[in-house]
Amino acid sequence: MTKKFTKDHEWVQVDGDVATVGVTDFAQSQLGDVVFVELPEAGRVLEQGKEAAVVESVKAASDVYAPVSGTVVEANQALVDDPSMVNSAAETEGWFFKIQLKDASELDGLMDESAYKAFVEEAH
Amino acid sequence: MTEAATALKTTPLHALHVELGARMVPFAGYDMPVQYPLGILKEHQHTREKAGLFDVSHMGQVRLTGDDPAAALETLVPGDIKGLAQGRMRYTLFLNEQGGILDDLMVTNAGDHLFLVVNAACKEQDVAHLREKLAGKAEVELLDDLALMALQGPMAAEVMARFVPEAATMKFMSYLSATFKGVPVILTRSGYTGEDGYEISCDKADAEMIARALLGESEVEAIGLGARDSLRLEAGLCLYGHDIDTTTTPVEGALEWTLPKRRRAEGGFPGYDIIHRQLTEGATRRRVGIQPEGRQPAREHTEIQDADGTVIGEITSGGFGPTAGAPVAMGYVDIANSAVGTPLTLVVRGKPLPARVAATPFVPQRYYRG
């Protein structure tokens, strides 16, 4: 399975033609305590780089962008019920949604783990 | 580092904040801790459950002296300052000629002078305002050699009594000149969280020693500006520049309790005609508490609509209340929609979010009444 990262601090893990999307551990540390998430419904068509979800911490609201284009197949209801999972398990149980890939080649433009790590260190 | 960042001022506790791992942000011209490693949510809860220490040294501390500084100050504020007994303090407002609020402040009768605490962002203009309007009547001194801290929470009294035993019996909104581990401090039993607690004014040079002593007590955690904001919002307390400003009067701001009977009758403060008329005939809009349904916070500048979809105002402070366990907000609505329970629609990120006018505070205030 391939795991890729965006400059907006989303991660995307690909399994066949379905990708699981969330925000990175670095993103959650910057957001602070998350109190609300709004996730896209199954069936919604998302375009790469466009708004996909909303995450609100005690401090502020932030957009989560779609790392890849496709159709949402599942949203993480457990995260809606307990938004603090973004903080406690950003890159595991705290996933946001699963998306059926429209164009797998979009993944080529994203960063791998070591490139993302370097990006975070450089930017901050 | 940008030019703006290098120009930021620091408080005497700056090095301590950095040592404690605070995330520092610019606020009112100062480099201030927005949160510590504990995080806003836990800092908020800790203050409600035990005790939190806040650095508020950026705020302005002002000494007013003269033949009758209370009479002089009453020409600028609508509060009863002449009737303030020695050792007692009161919340009041600097007003402009339109009845708009220039700043909100605490005034203490310290015997031979009045002691004022004003907002950081307004302190220079407040001092200029005082000097101009009270010229020949009172001397105005900005006490920028002092630091200010707040110790807030249900265990604040117990903690403070270990250092200043006589602090335990201080009444809410009273003042005490005392000694803390051998150094002089001014304590007031007041704060900005809705909890019992103290504000501690001391010499800049003593601030770190006092802060370290208080943080050394097991009940006390350092608390940043993030939790300070969510605590005061739950307590229904206004943030100047957001919930009240030069365009809002005390009547519109639901602060009629700052307008005592004598001043309402006698006047003699800026904007009296407008405020008197609003007290008699009512204002057209009012600041209210707002409870959004569900869990999504509605933030400052969120548009408020009535049941028919007409825009009737906007949110001036909004966020998630960790103790309320729900989003909480305040804002201005037209007077027809200001009764508690009135259904409202908030437009959050383009979508309607149902809400209601709510009573404030959102959590019970727990001040020490003795």
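These numbers come from a predicted model, not from an experiment. (Residues numbered from 1 in each chain as written. Chains lettered and ligands numbered in written order. Predicted model: local features only at pLDDT ≥ 70, side-chain atom pairs only at ≥ 80, totals over all residues. Heavy atoms only, no water.)

Caption draft 1: Structural context of the overall build of chain B. Scanning chain B from N- to C-terminus turns up 10 helices and 19 strands. Relative to the compact-globule value of 21 Å for 370 residues, chain B shows a C-alpha radius of gyration of 21 Å, a close match. Across its three principal directions, the C-alpha atoms of chain B cover 65 × 50 × 50 Å. The long-range fraction of contacts in chain B, counting pairs at least 24 apart against all pairs at least 6 apart in sequence, stands at 65%. For chain B, the computed accessible surface area is about 15000 Å², with 52% contributed by carbon and sulfur atoms. Looking at chain B, you have 36 positive and 48 negative side-chain charges, and the mean spots of the two groups are 4 Å apart. (Helix = DSSP H or I, 4+ residues; strand = E, 2+ residues; numbered from the N terminus. Rg over C-alpha atoms; globule rule 2.2 N^0.38 Å. Contact = heavy atoms within 4.5 Å. Areas by Shrake-Rupley, 256 points an atom, 1.4 Å probe, with all protein chains shown as cover. Lys, Arg positive; Asp, Glu negative; His and termini not counted. Charge placed at Lys NZ, Arg CZ, Asp CG, Glu CD.)

Caption draft 2: Quick look at the UniProt feature "domain: Aminomethyltransferase C-terminal" (unreviewed entry) in chain B. UniProt records the feature "domain: Aminomethyltransferase C-terminal" (unreviewed entry) for residues 285-363 of chain B in the present numbering. Measuring from the first to the last C-alpha atom of residues 285-363 of chain B gives 24 Å, for a span that is 0% helix and 57% strand. (UniProt positions renumbered as here; feature names shortened; annotations may be inferred.)

Caption draft 3: Seen up close, the packing of aromatic side chains. Applying the stated rule across the entire model yields 6 aromatic pairs over all chains. Ring centres 4.7 Å apart and planes at 10° place the aromatic pair F5 of chain A and Y116 of chain A in the stacked group. Of the two residues, F5 of chain A is situated in strand 1 (residues 2-5) and Y116 of chain A in helix 4 (residues 113-123); the sequence distance between them amounts to 111 residues. Judged by its relative accessible area of 1%, F5 of chain A is buried. Given a relative accessible area of 7%, Y116 of chain A falls into the buried group. Ring geometry for Y91 of chain B against W257 of chain B: centres 5.4 Å apart, planes inclined by 20°, an arrangement best described as stacked. Placement of the pair is Y91 of chain B in strand 5 (residues 89-95) and W257 of chain B in the loop between helix 8 (225-234) and helix 9 (261-266), with a sequence separation of 166 residues. Y91 of chain B gets classed as buried once you look at its relative accessible area, which sits at 16%. (Phe/Tyr/Trp six-rings, centres within 6.5 Å; stacked < 30°, edge-to-face > 60°. Buried < 20%, exposed > 50% of the residue type's maximum accessible area, 1.4 Å probe, protein only.)

Caption draft 4: Inspection of empty space enclosed by the protein at higher detail. Residue and element names in this part refer to chain B. The full count for this structure, using the stated rule, is 3 cavities of 30 Å³ or more. As a volume, the largest cavity reaches approximately 50 Å³. Breaking the lining of the largest cavity down by element, the ones donating at least two residues are helix 2 (14-19), strand 3 (51-55) and helix 7 (204-215). For the lining of the largest cavity, the element with the highest residue contribution is strand 3, accounting for 3 residues. Among the residues forming the lining of the largest cavity, the class breakdown is 9 nonpolar, 1 polar and 1 charged. (1 Å grid on protein atoms, 1.4 Å probe; cavity = no way out; pocket = protein on both sides within 12 Å on 5 of 7 lines; lining within 4 Å. Points joined across faces, edges and corners; volume = space filled by probe spheres on them. Nonpolar A, V, L, I, M, F, W, Y, C, P; charged D, E, K, R; others polar.)

Caption draft 5: Representation of the domain arrangement of chain B within the structure. Residues and elements named next belong to chain B. When its domains are assigned, chain B resolves into domain 1 (3-59 + 145-234), domain 2 (61-140) and domain 3 (284-358). Spacing between the C-alpha centres of domain 1 and domain 2 amounts to 24 Å. Contact residues are listed per partner, giving 16 residues for domain 1 and 18 residues for domain 2. Summing both sides of the interface, domain 1 and domain 2 together bury roughly 1400 Å²; the carbon and sulfur share of this comes to 62%. For domain 1, the biggest contributors to the area lost against domain 2 are M59, M173 and Y175; these three give 50% of the whole. Linking domain 1 to domain 2 there are 0 salt bridges. Counting every contact that joins domain 1 to domain 2 gives 7 residue pairs in polar contact (both at pLDDT 80 or more). In terms of residue count, the dominant contributor to the side of domain 1 that touches domain 2 is strand 9 (residues 146-152) (3 residues). Classifying every residue of the side of domain 1 that touches domain 2 gives 9 nonpolar, 5 polar and 2 charged. (Domains from an automatic or database assignment. Buried area = accessible area lost by both parts, 1.4 Å probe. Salt bridge = Lys/Arg side-chain N within 4 Å of Asp/Glu carboxyl O. Polar contact = N/O pair within 3.5 Å; in protein donor to acceptor, adjacent residues only side chain to side chain.)

Caption draft 6: Representation of the nonpolar core. Judged by nonpolar contacts, the single largest core of 38 residues is most densely connected at L93, I101, I244 and L255 of chain B. Looking at this core, the elements with two or more residues in it are strand 4 (34-38) of chain A together with helix 3 (40-49), strand 5, strand 6 (101-109), strand 7 (114-118), strand 9, helix 8 and helix 10 (272-281) of chain B. The biggest single contributor to this core is strand 5 of chain B, with 4 residues. Taken domain by domain, this core gets at least three of its residues from each of domain 1 (3-59 + 145-234) and domain 2 (61-140) of chain B. Excluding anything up to four places from it in sequence, I101 of chain B contacts L93, F94, L95, Y240, I244, D245, T246, T248, T249, P250 and L255 of chain B. (Core = buried A, V, L, I, M, F, W, Y, C linked by side-chain atoms within 4.5 Å.)

Caption draft 7: Region of the structure containing unusual backbone geometry. Residue and element names in this part refer to chain B. Looking along the chain, the bond that leaves T360 and enters P361 is cis, with omega of 0°. Tracing the backbone through its elements, the reader meets P361 in the segment after strand 19 (351-358). With a phi close to 45°, K181 is a non-glycine residue in the positive phi region. Relative to the elements of secondary structure, K181 occurs in the loop between strand 10 (175-180) and strand 11 (183-188).

Caption draft 8: The arrangement of the pairing of strand 14 (residues 285-292) of chain B in detail. Residues and elements named next belong to chain B. Pairing of strand 14 with strand 17 (residues 326-334) involves 6 bridges; the strand directions are antiparallel. From the neighbouring strand, I290 faces strand 17, where its bridge partner is A329. Note: strand 14 against strand 19, 4 bridges, orientation antiparallel. The residue of strand 19 that forms the bridge with P292 is A355. (Pairing = 2+ DSSP bridges.)

Caption draft 9: View of the UniProt feature "modified residue: N6-lipoyllysine" (unreviewed entry) in chain A. As recorded in UniProt, the sites labelled "modified residue: N6-lipoyllysine" (unreviewed entry) are K59 of chain A. When near neighbours in sequence (up to four residues on either side) are disregarded, K59 of chain A contacts Q30 and L31 of chain A together with R23, Q35, I40 and R299 of chain B.

Caption draft 10: Structural view of the environment of E38 of chain A. With respect to the helices, strands and loops of the structure, E38 of chain A is situated in strand 4. Under the relative-accessibility criterion, E38 of chain A is labelled partly exposed at 24%. Spatially, the C-alpha atom of E38 of chain A lies 13 Å from that of A66 of chain A, the residues being 28 residues apart in sequence. Among residues more than four places away in sequence, those in contact with E38 of chain A are A53 and V54 of chain A together with Q296 and K351 of chain B. A polar side-chain atom of E38 of chain A sits 2.7 Å from a polar atom in the side chain of K351 of chain B.

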